[in-house]
Amino acid sequence: MKNIKVQELSVEKFARYGSYARLVNPDSDATGPKDAAIVFYRDMVKQELFGENPAFSTLMVKPRPNVIEFGEYHDNTCEVGMPLDGDIIAWFAPADCSEKVPVDKMEAFRIPQGTVFMIRPGVWHHAPFCVGSKPVSIMIVLPERCYCKDCKCIPIPKAEQRKVTK
């Protein structure tokens, strides 16, 4: 089984998959002075929903082997996620026109707790992995019922599966 090494999150490396922002202790622009009593950090990550209603869901991931067994993508939808109570490792592969998960193009990133990330339409991904031994709750924002209308989930043959390593 081939390995995928986890990378630290950076704007340059993640840009091909989407965008992200640290919502807890942000380092982005604010509407006023950052030392004021009230500070509004605006428009940090944008999700295009094409007129659909956003639905906020929780994905709970428990510790399990860091083996990528499935890939999924959404043709017409950006997906937003944010680990709420722990760090996660998430993997991505560039959008393409194949019905086969592009295992040789996968990259994995450590996403810190409180960091919101947006995945562009077509980008391959699937459930992330916990960092550590405790389950992690992840907020997921997708259009209502997207999982029924715009989600392709493809199993990866055992011989092609990848293990995520630190």
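Further up the page is the structure itself.
Let me begin by describing the structure that accompanies this report. Here the structure is a predicted model, which means the values were calculated and not measured.

Here we come to the environment of Pro-135. Inspection of the secondary structure puts Pro-135 in the loop between strand 10 (129-130) and strand 11 (136-143). A sequence separation of 73 residues divides Pro-135 from Lys-62, and the C-alpha atoms of the two residues are 4.2 Å apart.

Let us now look at the nonpolar core. In terms of nonpolar packing, the biggest core is built from 19 residues, with Phe-14, Phe-92, Ile-111 and Phe-117 touching the most fellow members. Only strand 7 (88-92), strand 8 (107-111), strand 9 (115-119) and strand 11 provide two or more residues apiece to this core. The element contributing the most residues to this core is strand 11, with 4 residues. Beyond its immediate chain neighbours, meaning those up to four positions away, Phe-14 contacts Leu-9, Ser-19, Tyr-20, Phe-92, Phe-109, Phe-117 and Met-118.

What the 6 strands build is an open sheet, ordered 4-13-1-8-7-10; its pairing is mixed. In this open sheet, the two edge strands, each paired with only one partner strand, are strand 4 (67-68) and strand 10. With 2 bridges connecting them, strand 7 and strand 10 associate as antiparallel partners. Each bridged residue has a counterpart across the sheet, and for Ile-88 the counterpart in strand 10 is Cys-130.

Conventions and cut-offs
Residues numbered from 1 in each chain as written. Predicted model: local features only at pLDDT ≥ 70, side-chain atom pairs only at ≥ 80, totals over all residues. Heavy atoms only, no water. Helix = DSSP H or I, 4+ residues; strand = E, 2+ residues; numbered from the N terminus. Core = buried A, V, L, I, M, F, W, Y, C linked by side-chain atoms within 4.5 Å. Buried < 20%, exposed > 50% of the residue type's maximum accessible area, 1.4 Å probe, protein only. Contact = heavy atoms within 4.5 Å. Pairing = 2+ DSSP bridges.

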